[in-house]
Every structure is written in C-alpha cells, then in structure tokens.
Amino acid sequence: MRHPITGQEFSSPVPPGTGWPEDPAAPDTPVAHDALDVERLAGAALSSEIDARSSVCRACPRLVTWRETVALEKRAAFAEQPYWGRPIASLGDDEPRLLVVGLAPAAHGANRTGRMFTGDRSGDWIHAALYRAGFSTQPESVHAGDGLVLHGARIMAPVRCAPPANRPTPEERHTCAPWFDRELQLIAPSLQGILVLGGFGWQAMLAAARRVGWHVPRPTPRFTHGAETELGTPHGPVRLVGCYHVSQQNTFTGRLTEAMLDAALARAAGLGEQR
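Here the structure is a predicted model, which means the values were calculated and not measured.

1. Let's talk about the overall build of the protein
Consideration 1: Within the protein one finds nine helices and six strands.
Consideration 2: Taken across its 275 residues, the protein has 54% of its residues classed as buried.
Consideration 3: Long-range contacts, defined here as pairs at least 24 residues apart, represent 68% of the contacts in the protein between residues at least 6 apart.
Consideration 4: When the accessible surface of the protein is totalled, it reaches about 11900 Å², and 51% of it is carbon and sulfur.
Consideration 5: For the protein, the distance from the average site of its 27 positive side-chain charges to the average site of its 28 negative ones is 5 Å.

Given below as structure tokens:
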C-alpha cells in the first residue's frame, strides 16, 4: 500500500529504515525485547538514539501484538493506507522550552501515521494550539512527511505504543519509563514549562520527575484543569500546568474548549511574561 504523502509502497507494520518519512530508525537499530533491554539501551543515549531505539522496541508483548494487529486489520476509512504499527518517537525540538506530555499513541492516529498526535481529532486540537502559540510551522498534523516542524516545543508520551482501550498496564508503564526519563534529562537544560494533558500524564510526569532527581512538592500536587506547580531541576525551576486531555470525549462535549487549551498552553510556556 502507498504512503499518502510520498506515494511509496510499504507493508504494515513498517520495517525500520525502509524510507517512511521521519523514521528515526535504521535496519540495524538495536531492539529492546524486555525491560532490562530498555534500561540498557536508554541508559546514556543521545536524543536521536532514544528516538530510533524506542521506535523499534518490542519489550511489551501485549502492546506489540495489539499495535501490529491494528496495523493489519485497519479501520475501514484507512483500509488503503499502510499503518506504521510501531512505537512512536517523541516529536519536536531537541532543546525545547515547552514540553507537552500526553498519554499514549492512538490506534488509528499515531499508530497509523508514525507521528505523535497525528491523524486524529486529538492531534488536530493540540497541533492547532501549538500553531496559534507560535511553536509550529502549520496548524494541522496530517501524516509524517507533511512538512510540520515544531520550534521550541517537544511532545512526549509516557507510553510509546498504542494500548488496547487506551489503557496501558502498570507493568507496561514501568517498562517504557526509561525512554521518557532519559529524554527528560536531555531536555532539562532548556526547559521552562510543561503542559500535561490529562490525569494519567500528570501522574506519570510527576513520577518521572522524581525518578530523575527533580524536586516535586509535597504533598503531591493533584491534577485538575489549570492545576499549576513548580518542579525543581538541576538547571532551575520548571512550571508544570495541567490541562484536560484533548480527547474527543472532552472536546466534543465542551469540557475542554480552544480558549481553555490556549490559556493552559500559554501559562505553561510563560507566553506574555518577560524572560
């Protein structure tokens, strides 16, 4: 089947290093097969190595089976498209001042397109907001290879494979954590603010901050929309702001509006403040 942007033919799931746009991996990228492998390969890896190695990870059997089954069976609307069907690398600037933390890839969004928050309604919302705030070159993220570039912002997820029913298990979250933790260490010097989408991401972000040695206030800050606290990093304080997730459950019902999302993003990024 042909890629909707390039027209190149791919099988589903997509083998690494075969020409898929923005694929960070090569055919010889080392593959993690269990939690110990993830810890070893994340270790002291550079950002590009994290992107590549995490995008071929096979450490969680349930997630591997699910993401690849979805890639083969497909949704009817995308039946003529190849599906990425692999873990999703983080997206954006390697030296961001703003970090956006989600949950996990969507089965027919990022798991199809190969890019974080791309190809579904949730992605439409967050990328449009990043564009309005000046962090993105375009308001839509349709598919890998469509020209989108983030400047000063990065999107990361605590779990990098699409999980059944959008619910990764505690063991899967634990196994995936070293990829996330290592990225936090790498981006910390430039980081000024973090926007967390949803309660799961909030809990995962605070847990990761503690694992990498950042200061987290006590008692543990609770998630609500607009919740705000400050994390202490070796490079200075970082503002943490909570926002309802950009899921259709929230956006279709009006629980989350564009104005609410824009305000939370601006607060996390410190827009309008003198730096």
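2. Observations concerning the pattern of salt bridges
Consideration 1: Scanning the entire structure with this criterion turns up 17 salt bridges.
Consideration 2: A salt bridge links Arg53 to Glu49; its shortest N-O distance comes to 3.8 Å. Residue Arg53 and its partner Glu49 are located together in helix α2 (residues 47–54), separated by four residues, close to a single helical turn.
Consideration 3: The partner of Arg211 in a salt bridge is Asp181, and the shortest N-O contact between them spans 2.7 Å. With Arg211 in helix α7 (residues 199–211) and Asp181 in helix α6 (residues 170–187), this pair connects stretches of sequence that are 30 residues apart.
Consideration 4: Judged by its relative accessible area of 46%, Arg211 falls in the partly exposed class.
Consideration 5: Salt bridges linked by common partners bring Asp51, Asp94, Arg154, Arg160 and Glu183 together as one network.

The rules behind these values
Residues numbered from 1 in each chain as written. Predicted model: local features only at pLDDT ≥ 70, side-chain atom pairs only at ≥ 80, totals over all residues. Heavy atoms only, no water. Helix = DSSP H or I, 4+ residues; strand = E, 2+ residues; numbered from the N terminus. Buried < 20%, exposed > 50% of the residue type's maximum accessible area, 1.4 Å probe, protein only. Contact = heavy atoms within 4.5 Å. Areas by Shrake-Rupley, 256 points an atom, 1.4 Å probe, with all protein chains shown as cover. Lys, Arg positive; Asp, Glu negative; His and termini not counted. Charge placed at Lys NZ, Arg CZ, Asp CG, Glu CD. Salt bridge = Lys/Arg side-chain N within 4 Å of Asp/Glu carboxyl O.

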